[in-house]
Amino acid sequence: GSGEGEGVSVREMELLHPAIAPLEFLLGRWRGEGEGGFPTINSFRYGEELFFSHSGKPVIAYTQKTWKLESGEPMHAETGYWRLKSDGSIEVVIAQSTGLVELQKGSFDAENRTMELKSELIGNASKVKEIRRAFRVSDRELSYTVQMATHTTNLQSHLKAVLRQI
Ligand code: HEM
């Protein structure tokens, strides 16, 4: 390919590390649309792209960007790293474009290709107390939900989206 946009590894000859082989189905680029809301805000729709890659190390690199569907204007973005622990659990660190950082831990079901994550640490957040993320991959479709709790609102849905591998 001609650069980062194609393939799943920056150095395409790199072998997938066995520690992350169960997550191989995530690798590559996904694009789709989502909808957001929360009791305290107006609901909205957005476009989104996810990119999962590896470099031969036992970790998957993750980048996300979103945009307004009408204008293409950038919205939220985030980046991080996904790893599988030897006990089969999953751990994700994410830095958000808003300045918020999160450590997510949870479970991975290899058979159903589902992941359920709950924040163990959230840093530099003015409102957010907890974030839960759930992912499901089937065929070439990835769907997820994000729930959050803030200082004024208990755990409620903030985002849900469906993306297809491109
Ligand atoms: C509002 C957090 C992802 C778009 C908010 C608020 C919080 C928040 C705390 C304010 C809620 C309130 O005022 O009560 C988060 C967290 C995210 C996330 C923790 C990721 C885990 C996203 C993404 C998008 C987005 C991906 C866009 C695609 C918005 C919009 C608002 C909002 C448009 C309303 C802003 C406003 O009305 O001023 N978010 N957000 N958020 N979020 Fe998110």
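Look a little higher up for the structure.
The structure presented is a predicted model; accordingly, all values stated were derived computationally and were not measured. (Residues numbered from 1 in each chain as written. Predicted model: local features only at pLDDT ≥ 70, side-chain atom pairs only at ≥ 80, totals over all residues. Heavy atoms only, no water.)

Caption draft 1: Broad picture of the coordination of the iron atom of the ligand. Donation to the iron atom of the ligand from the protein comes from one atom only, His-158 (NE2), at 2.2 Å. Positionally, His-158 belongs in strand β10 (residues 156–165). (Donors = N, O, S within 2.8 Å, 3.2 Å for Na, K, Ca; no water. Helix = DSSP H or I, 4+ residues; strand = E, 2+ residues; numbered from the N terminus.)

Caption draft 2: The arrangement of the nonpolar core in detail. Counting 32 residues, the largest nonpolar core has Phe-52, Trp-82 and Leu-142 as its most contacted members. With sequence-adjacent residues up to four places away left out, Trp-82 is seen in contact with Leu-26, Phe-52, Val-59, Ile-60, Tyr-62, Ile-90, Glu-91, Val-92, Met-115 and Phe-135. (Core = buried A, V, L, I, M, F, W, Y, C linked by side-chain atoms within 4.5 Å. Buried < 20%, exposed > 50% of the residue type's maximum accessible area, 1.4 Å probe, protein only. Contact = heavy atoms within 4.5 Å.)

Caption draft 3: Summary view of the packing of aromatic side chains. Using the criterion set out here, one finds seven aromatic pairs in the structure. With centroids separated by 5.3 Å and ring planes inclined at 35°, the aromatic side chains of Phe-52 and Tyr-62 adopt a geometry described as tilted. Residue Phe-52 is found in strand β2 (residues 41–53), and its partner Tyr-62 is found in strand β3 (residues 60–68); the two are separated by 10 residues along the sequence. Of the two residues, Phe-52 and Tyr-62, neither departs from the other in class, the shared state being buried. Measuring from ring centre to ring centre gives 5.7 Å for Tyr-62 and Trp-82, while their planes differ by 65°; the resulting arrangement is edge-to-face. Of the two residues, Tyr-62 sits in strand β3 while Trp-82 sits in strand β4 (residues 74–84), which places them 20 residues apart along the sequence. Its relative accessible area of 3% is what places Tyr-62 among the buried residues. Each member of the aromatic cluster is reached from another via a ring pair, and the members are Phe-52, Tyr-62, Trp-82, Phe-135 and Tyr-144. (Phe/Tyr/Trp six-rings, centres within 6.5 Å; stacked < 30°, edge-to-face > 60°.)

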